[in-house]
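# Structural description and commentary
Listed below are the residues making up each chain.
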Amino acid sequence: MDFRLPESAQAVRDGIGEICSHYDMSYWERCEAEKRWPEEVWAELAKGGWLGLAVPEEFGGGGQGLLELTVATETLSASGSAGGSAFTYVLTPGFGAMTIARHGSPEQRADLLPRLAAGEIETCFALTEPDAGSNSLAITTSARLDGSEFVVNGQKIWITGVQRATWMLLVTRTIPAAEARPRTNGLTVLLVNVPEAVAAGTLSYRPIPKMGANTTPSNMVFFDDLRVPARNVVGEVHGGAVVLWDILNPERILLGASALGGAEVALRVGVEYARQREVFGRPIGANQGIAFPLAAVKAKIELARLMLYKAAWLFDRGEPCGTEANIAKLTASQAFWEAADAAFQTHGGMAYSLEYPVARLLADARIGLVAPVTEQLLLNYLATQVLGLPRSF
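- By the naming in an unreviewed UniProt entry, the protein chain is Acyl-CoA dehydrogenase, taken from Herbidospora solisilvae.
- Per its UniProt entry, the protein chain bears the Sequence similarities (unreviewed entry) comment "Belongs to the acyl-CoA dehydrogenase family."
- Annotation of the protein chain in UniProt includes, under Cofactor (unreviewed entry), the sentence "FAD".

### Notes on the overall build of the protein chain
- Of the regular secondary structure elements, the protein chain holds 12 helices and 10 strands.
- In terms of overall dimensions, the protein chain is globule-like: its C-alpha atoms have a radius of gyration of 21 Å, near the 21 Å expected for 393 residues.
- Seen through its principal axes, the protein chain has C-alpha atoms that stretch 80 × 50 × 45 Å.
- Of the contacts made within the protein chain by residues no fewer than 6 positions apart, 73% connect residues no fewer than 24 positions apart.
- Total accessible area computed for the protein chain in this model is approximately 17,400 Å², and 55% of it derives from carbon and sulfur atoms.
- Positive and negative side-chain charges of the protein chain, numbering 33 and 42 respectively, have mean locations separated by a distance of 5 Å.

### What to know about helix α12 (residues 375-386)
- For α12, with 12 residues, the first-to-last C-alpha span of 16 Å sits near the 16 Å given by 1.5 Å per residue.
- Trailing α12 by a residue or two, G388 shows a phi angle of about 75°, which is positive.

### Let's talk about the UniProt feature "domain: Acyl-CoA dehydrogenase/oxidase N-terminal" (unreviewed entry) in the protein chain
- As recorded in UniProt, the feature "domain: Acyl-CoA dehydrogenase/oxidase N-terminal" (unreviewed entry) lies at residues 7-120.
- Here residues 7-120 runs as 70% helix and 0% strand, with 28 Å between its end C-alpha atoms.

### As for the pairing of strand β3 (residues 149-160)
- The pairing of strand β2 (residues 142-146) with β3 spans five bridges and is antiparallel. Among the inter-strand pairings, A143 is bridged to a residue of β3, identified as V152.
- By the bridge criterion, nine bridges tie β3 to strand β7 (residues 218-229) in an arrangement that is antiparallel. When the bridges of β7 are listed, E149 appears paired with P229.

### Remarks on a nonpolar patch on the surface
- Taken together, M1, F3, L303 and L306 make up a surface patch of nonpolar side chains, about 570 Å² in accessible area.
- The topology assignment puts F3 in the segment before α1 (7-20).

### Some remarks on the packing of helix α10 (residues 322-347) against helix α11 (residues 358-367)
- Between α10 and α11, the shortest axis-to-axis distance is 8 Å and the interhelical angle comes to 155°. Relative to α11, the element α10 lies roughly antiparallel. In terms of crossing hand, the pair formed by α10 and α11 is left-handed. Contacts between α10 and α11 involve F336, W337, A340, D341, A343, F344 and H347 on the former and, on the latter, V358, L361, L362, D364, A365 and R366.
- Residues belonging to the contact of α10 with α11 are distributed by class as follows: nine nonpolar, one polar and three charged.

### A closer look at the packing of aromatic side chains
- Evaluated as defined, the whole model comprises six aromatic pairs.
- Ring geometry for F344 versus Y352: centroids 5.4 Å apart, planes at 80°, classification edge-to-face.
- The class of F344 is buried, set by a relative accessible area of 16%.
- Clustering of aromatic rings is evident, with ring pairs tying together Y23, Y27 and W28.
- One cation-aromatic arrangement involves R366 over W337; the distance from NZ or CZ to the ring centre is 5.3 Å.

### Here's the deal with the side chain of E68
- The residue E68 is located in helix α4 (residues 66-81) in this model.
- Here E68 occupies a buried position and makes no salt bridge, while the nearest side chain of opposite charge, R317, is found at 8.0 Å.
- A distance of 3.0 Å separates a polar atom in the side chain of E68 from the backbone nitrogen of G65.
- Dropping the residues within four chain positions of it, E68 is found in contact with P6, S8, A9, V12, L53 and D316.

### Some thoughts on the UniProt feature "domain: Acyl-CoA dehydrogenase/oxidase C-terminal" (unreviewed entry) in the protein chain
- If you check UniProt for "domain: Acyl-CoA dehydrogenase/oxidase C-terminal" (unreviewed entry), the listed places come out as residues 240-381 in our numbering.
- A distance of 21 Å separates the end C-alpha atoms of residues 240-381, which is 77% helix and 3% strand.

### Section: α1
- Compared with the 20 Å implied by 1.5 Å per residue over 14 residues, the 20 Å span of α1 between its first and last C-alpha is a close match.
- Within the span of α1, buried status applies to A9, V12, G15, I16, I19 and C20. All buried residues of α1 fall inside an arc of 135° around its axis, so they share one side.
- Looking at the buried positions of α1, the neighbouring elements they touch are α3 (39-47), α4 and α5 (86-103).

### A short note on the layout of surface pockets
- There is about 510 Å³ of room inside the second largest pocket.
- Lining the second largest pocket are 15 residues; nearest its centre among them are D2, F3, Y309, K310 and W313.
- Looking at side-chain class alone, the lining of the second largest pocket contains nine nonpolar, no polar and six charged residues.

### Focus on the pattern of salt bridges
- In the structure shown here, the tally under the stated rule is 17 salt bridges.
- Taking the shortest distance from any N to any O, the salt bridge between R102 and D246 comes out at 3.5 Å. Of the two residues, R102 is situated in helix α5 and D246 in helix α8 (residues 240-276); the sequence distance between them amounts to 144 residues.
- Here R102 falls in the partly exposed class, since its relative accessible area comes to 39%.
- Sharing partners across several salt bridges, the network here consists of R13, E74, E264, K298, E302 and R305.

Procedures and definitions
Residues numbered from 1 in each chain as written. Predicted model: local features only at pLDDT ≥ 70, side-chain atom pairs only at ≥ 80, totals over all residues. Heavy atoms only, no water. UniProt positions renumbered as here; feature names shortened; annotations may be inferred. Helix = DSSP H or I, 4+ residues; strand = E, 2+ residues; numbered from the N terminus. Rg over C-alpha atoms; globule rule 2.2 N^0.38 Å. Contact = heavy atoms within 4.5 Å. Areas by Shrake-Rupley, 256 points an atom, 1.4 Å probe, with all protein chains shown as cover. Lys, Arg positive; Asp, Glu negative; His and termini not counted. Charge placed at Lys NZ, Arg CZ, Asp CG, Glu CD. Expected span 1.5 Å × (residues − 1). Pairing = 2+ DSSP bridges. Patch = residues over 30% accessible without salt bridge, like charges linked within 9 Å, V, L, I, M, F, W, Y side chains within 5 Å. Salt bridge = Lys/Arg side-chain N within 4 Å of Asp/Glu carboxyl O. Axes fitted to C-alpha atoms, helices over the stretch in contact; angles between N-to-C directions. Parallel < 35°, antiparallel > 145°, perpendicular 65-115°, else oblique. Left-handed = near helix turned anticlockwise from the far one by under 90°. Nonpolar A, V, L, I, M, F, W, Y, C, P; charged D, E, K, R; others polar. Phe/Tyr/Trp six-rings, centres within 6.5 Å; stacked < 30°, edge-to-face > 60°. Buried < 20%, exposed > 50% of the residue type's maximum accessible area, 1.4 Å probe, protein only. Lys NZ or Arg CZ within 6 Å of the ring centre and 35° of its normal. Polar contact = N/O pair within 3.5 Å; in protein donor to acceptor, adjacent residues only side chain to side chain. Arc of directions from axis to C-beta. 1 Å grid on protein atoms, 1.4 Å probe; cavity = no way out; pocket = protein on both sides within 12 Å on 5 of 7 lines; lining within 4 Å. Points joined across faces, edges and corners; volume = space filled by probe spheres on them.

Spelled out as structure tokens, the structure:
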């Protein structure tokens with residue numbers, strides 16, 4: 001058993017770390033305050049080829065796997081972007097490039113993968129609905145085949161990155177949930193050209209004001225007789241569940257990596273303040289009431305990292321990783337929240353001052369406990385699917 005990172009992942013850490021070294025915490029604070037995408041970092045990632053890590057080499061990518069994407073996300077997050085970094089690697093390299101590489105048709109792969117690798121186009125993912133919440137199988141956005149096109153009607157919520165996306169991976173029902181046997185049947189994933197649909201008036205969106213992660217807006221999205229060519233199906237008609245699991249497990253892992261990086265930032269902020277701030281003639285970090293919570297966070301960060309890397313390693317080998325992905329997401333998100341809380345307590349009243357990044361870290365840390373799946377549902381999965389306890393519904 002070898003716990004050393006492979007050379008490919010170490011190269012990712014070094015390369016992205018070099019880019020991030022040019023952008024300090026104040027840069028990420030400005031992006032958040034101005035509610036703008038980190039264009040400068042994105043351009044450097046594209047120029048260096050870091051957006052195409054999961055794109056096969058024949059399409060101009062790096063031919064790497066989810067482990068490398070996980071390390072990339074963690075490194076970017078730990079540089080200071082914290083929770084906001086997730087969207088850089090989840091939206092396009094994760095949702096877009098990895099999904100098309102695994103499940104796209106030959107035509108989709110040839111058309112989209114080179115442009116995704118170069119950062120010329122971006123993607124978003126639309127699954128969650130107002131009435132379905134975390135119950136993905138209960139979505140009602142419908143896609144009805146009409147000749148050579150699907151006609152889509154419905155709505156989605158909390159869809160991030162629509163404004164920048166050229167293509168949306170849209171999860172629809174081609175068989176209503178009440179009629180599907182088994183319940184996972186009847187899901188179909190469609191590629192939607194966002195600018196064309198917006199211009200046609202068949203896709204509209206409304207940003208949702210939110211308390212954090214404002215570098216990328218999240219939206220309500222509405223589909224009104226949206227027409228999508230049948231050739232834009234990703235995977236098989238009615239068989240979208242296979243595609244969906246290959247999106248959701250990497251999503252959990254990558255968001256866990258972002259949370260892990262955020263925990264590193266919060267810990268670093270707390271430790272630095274504990275070293276420098278003096279009260280009663282000594283640094284406050286000399287007090288066990290300050291030191292021990294920070295030390296406990298360090299232990300939890302290291303434990304979460306082990307599970308994240310294991311989950312990504314399993315996914316890259318085509319082995320089942322649902323349990324590991326859920327545990328990784330759960331533990332990394334908890335570590336971020338506890339790190340942000342410890343940093344807040346360490347700063348005391350100054351944590352309320354926007355001179356310090358603690359408020360932003362606390363807001364970003366809270367996201368991971370409720371999205372894209374709640375802490376309670378992750379625990380319910382472990383209780384029922386792993387421990388075999390009775391279901392409550």
